[in-house]
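# Structural description and commentary
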Amino acid sequence: MTISDLLSPENPLIKVSTLSSRVWAWLWPKLLAVSLVIGFWQTLVVVEWRPVYVLPSPATVFSQLLELMQSERFWSAVNTTMSRAVIGFVIALLVGTIVGVAVAKVAPLRLAIGSLITGLQTMPSIAWFPLAILLFGLGEEAIMFVVVLGAAPSIANGVISGVDHVPPAFSKLGKMMGARGLELYRFIILPAAMPAYVSGLTQGWSFAWRSLMAGELLVIIAERPSLGAQLEFARQFSKAPMLLATMFVILIIGMLVDGVFSAGSRRIRVKRGLSTTN
Amino acid sequence: MTNAVNAKVTRGSSQTNSSPALIIRGLEKKFGSGNRSTVALQSFDLTVQQGEFITIVGASGCGKSTLLSLVAGLEKPTAGSLEVNGQVAFMFQDATLLPWLTAKQNIELSLRLRGVAKSERSGKALELLTRVRLEHAANRRPHELSGGMRQRVALARCLAQEARIVLMDEPLGALDAMTRDLLHDEIERVAKEAELTVLFVTHNMREAIRLGDRVILMGNDPGRIVHEQNISLARPRQIDSADVATRAADLTKQLREVSTHDNL
């Protein structure tokens, strides 16, 4: 009998009810993965691969995390970082959507900047920082500039590919139903492009989050604690538990937001019969 | 534009009941220009009375779909004249219901684009769904409907557009035989009740005879009418009856004689 047989909901020893067995079926692979990672980490600590003041044990890091979570400074850092992320993403959303619709609709504009948008998407956002710092100085504007530049091209590309892949029959139908110009966009083309748009948003979010972290490491503003600044501070003062705890927080926030986008995307696809439930 | 010089398109309302729904004279449609142009339709003449059910059959590439696009206004003719009296709606092979809307919302959108007031849309949409006997499926989304049900919603949507003329481009081509038979009854009934003029394109001879008051046979290279026949069989007709089968066999023979086979 393998581990997976033993842990499977079919195992009469642990089979309780359908709901809890479904939760268990969903949960155990994740628990197993997490325990493997923590086990591996603990092993590295036990064999002293690196000194403990550089690589602390999981227990130290989690107690540091709990301690952090009781400090006001930590929440103020999370707050700063999250508001930057949200504001940057919303600006990128507006810019990306407007540029995307314009490029999709106006042929010369597409010829002019269509490939540039894809090009921008491949540009590592950290490469923008030296210029951003020259242009805006070490401040909020420099960070926002790079976050928006990181996220907007993905969002614009989502709109463009969504509009491009609207079945021609839908536009024909729209015209036959009397939809003209903006109406055609509002009622037919944009809703039809929604699944691709949401993928663009998901990707845009992940680029925004990465750019933001790069920005917060490089552009540290005095008296303005942020998760990135906390990371850099922990490195400079060799506070390894704090560094790892902060990294953990960054990972969790990224995953949570991505989860929200995935759930939205799944809902849209199920509603349209593009994929089945789950 | 040289296109506009020889071609004339007039669109009117159907209020004057005596005038034909469609008057087509010398209609021509060329794609491309110069040596590389292809003539999709040439010297096409057809008059369709209001309430008439026309079925159009022909080999592939004979310009059947081009004809419908011209009548719908999705394409412009290169020569000839076209007079369309009444609102036109289109039924495609795949019903093209919008997948993010329910059956009822699909119809409501049609009403909305026609300018029907918000307060009236819901009731009107339900009434139209009832006319195709789908009131029980009002809140289902297209992927939750069968192929036949989707086409019935599409038919109701044509009614929502207040169409007097409905163009059907092989609307039942993707359906199984039994659903197809039921849809024949349904389309025949709704078209009669709503006094619709129908141009119904199909490649199925029996279907053409089952439904049509008149069958138009089209030949290819260039697309043109090669034969027209009034179908005097009494309704209701059965698609598997001997009468329908005999006539279908005759028409198939005629079509073989006039078709060039090099692009089949």
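Residues numbered from 1 in each chain as written. Chains lettered and ligands numbered in written order. Predicted model: local features only at pLDDT ≥ 70, side-chain atom pairs only at ≥ 80, totals over all residues.

Turning to the overall build of chain A, a few remarks are in order. Per the secondary structure count, chain A includes 12 helices and zero strands. Order of helices (α) and strands (β) in chain A, N terminus to C terminus: α-α-α-α-α-α-α-α-α-α-α-α. Whereas a compact globule of 278 residues would reach a radius of gyration of roughly 19 Å, chain A reaches 24 Å, over 25% beyond that. Within the span of chain A, comprising 278 residues, buried residues form 31% of the whole. (Helix = DSSP H or I, 4+ residues; strand = E, 2+ residues; numbered from the N terminus. Rg over C-alpha atoms; globule rule 2.2 N^0.38 Å. Buried ≥ 20, exposed ≤ 12 C-beta atoms within 10 Å, placed from the backbone.)

In this section: the overall build of chain B. Counting its regular elements, chain B contains eight helices and 10 strands. Its C-alpha radius of gyration of 19 Å places chain B within 12% of the 18 Å reference for a compact globule of 264 residues. Considering only C-alpha atoms, chain B reaches an extent of 55 × 50 × 35 Å along its principal axes. Across the 264 residues in chain B, those meeting the buried criterion constitute 46%.

Residue and element names in this part refer to chain B. Cis geometry is adopted by the peptide bond preceding Pro236, which originates at Arg235 and carries an omega value of 0°. Mapped onto the secondary structure, Pro236 falls in the loop between β10 (224-230) and α8 (242-258). For Ser43, which is not glycine, the phi dihedral falls at a positive 40°. Among the structural elements, Ser43 can be located in strand β3 (residues 38-48). Overall, the presence of 15 C-beta atoms within 10 Å leaves Ser43 in the partly exposed class. With phi around 55°, Arg133 is a residue other than glycine that occupies positive phi space. Relative to the assigned elements, Arg133 resides in the loop between α4 (118-131) and α5 (147-160). Classification of Arg133 by C-beta neighbours within 10 Å gives partly exposed; the count is 14.

Here the focus is the environment of Arg247(B). Take Arg247(B): it is sitting in helix α8. When the C-alpha positions of Arg247(B) and Leu68(B) are compared, they lie 25 Å apart, and in sequence the two are 179 residues distant.

What follows is about the confidence of the model for chain B. For chain B, mean pLDDT is 89; residues scoring 70 or higher make up 94% of the total. Per the prediction output, this complex has pTM 0.80; the corresponding ipTM is 0.81. (pLDDT = per-residue confidence, 0-100.)

Turning our attention to the interface of chain A and chain B. Contacts between chain A and chain B engage 16 residues on the former and 15 residues on the latter. Broken down by secondary-structure element, the contributors of at least two residues to the side of chain A that touches chain B are α8 (168-176) and α9 (182-192) of chain A. Broken down by element, the side of chain A that touches chain B gets its largest block of residues, six residues, from α8(A). (Contact = placed C-beta atoms within 7 Å.)

This brings us to the packing of helix α3 (residues 103-113) of chain B against α4(B). Residues and elements named next belong to chain B. It is at 9 Å that the axes of α3 and α4 come closest, and there the two elements cross at 120°. Taken together, the axis directions place α3 and α4 in an arrangement best described as oblique. By crossing handedness, the relation of α3 to α4 is classed as right-handed. For the pair α3 and α4, the contacting residues are Ala103, Lys104, Ile107, Glu108, Leu111 and Arg112 in the first and Arg121, Ser122, Lys124, Ala125, Leu126, Leu128 and Leu129 in the second. Residues of the contact of α3 with α4, tallied by class, amount to seven nonpolar, one polar and five charged. (Axes fitted to C-alpha atoms, helices over the stretch in contact; angles between N-to-C directions. Parallel < 35°, antiparallel > 145°, perpendicular 65-115°, else oblique. Left-handed = near helix turned anticlockwise from the far one by under 90°. Nonpolar A, V, L, I, M, F, W, Y, C, P; charged D, E, K, R; others polar.)

On to the sheet that holds β3(B). Sheets are built from strands paired through backbone hydrogen bonds, the pairs being either parallel or antiparallel. Residues and elements named next belong to chain B. Ordered in space as β1-β5-β2-β3, the four strands form an open sheet in which the pairing is mixed. Strands with a single pairing partner mark the edges of an open sheet, and in this sheet they are β1 (7-12) and β3. Neighbour-to-neighbour, the strand axes of this sheet turn through a mean angle of 15°, independent of strand direction. By the bridge criterion, seven bridges tie strand β2 (residues 22-31) to β3 in an arrangement that is antiparallel. Paired with Lys29 across the two strands is Leu41, which belongs to β3. (Pairing = 2+ DSSP bridges.)

Attention shifts here to the nonpolar core. Counting residues in each nonpolar core, the largest one holds 120 residues, and the members touching the most others are Ala151(A), Ala208(A), Val71(B), Val166(B) and Leu167(B). Excluding residues that lie within four positions of it along the chain, Ala151(A) makes contacts with Gly88(A), Phe89(A), Ala92(A), Gly96(A), Gly204(A), Trp205(A), Phe207(A) and Ala208(A). Judged by nonpolar contacts, the second largest core, of 13 residues, contains Leu68(A), Val78(A), Ala245(A) and Val249(A). (Core = buried A, V, L, I, M, F, W, Y, C linked by C-beta atoms within 7 Å.)

All names here are of chain B. In space, the six strands of this open sheet follow the order β6-β7-β8-β4-β9-β10, with mixed pairing throughout. Two strands bound the open sheet, and with one partner strand each, they are β6 (88-91) and β10. Averaged over all pairs of adjacent strands, the angle between strand axes in this sheet comes to 20°, irrespective of strand direction. Pairing of strand β9 (residues 214-219) with β10 involves six bridges; the strand directions are antiparallel. The partner of Leu217 across the bridge, within β10, is His227.

All right, on to the pairing of strand β4 (residues 53-58) of chain B then. Residue and element names in this part refer to chain B. With six of six residues buried, β4 is to be regarded as a mostly interior element. Both faces of β4 are covered, namely the face carrying Phe53, Thr55 and Val57 and the face carrying Ile54, Ile56 and Gly58. Across four bridges, the pairing between β4 and strand β8 (residues 197-201) is parallel. Pairing of Ile56 across the sheet is with Val201, part of β8. Summarising the sheet, β4 and β9 pair through five bridges and their orientation is parallel.

In this section: the packing of α3(B) against α5(B). Residues and elements named next belong to chain B. One can describe the packing of α3 onto α5 by two numbers: an axis separation of 9 Å at closest approach and a directional angle of 20°. By the criterion of interaxial angle, the relationship of α3 to α5 is roughly parallel. Seen from above, α3 lies across α5 with right-handed handedness. Across the interface between the two elements, Ala103, Asn106, Ile107, Ser110 and Leu111 from α3 touch Val153, Ala156, Arg157 and Ala160 from α5. Within the contact of α3 with α5, the residues separate by chemical class into six nonpolar, two polar and one charged.

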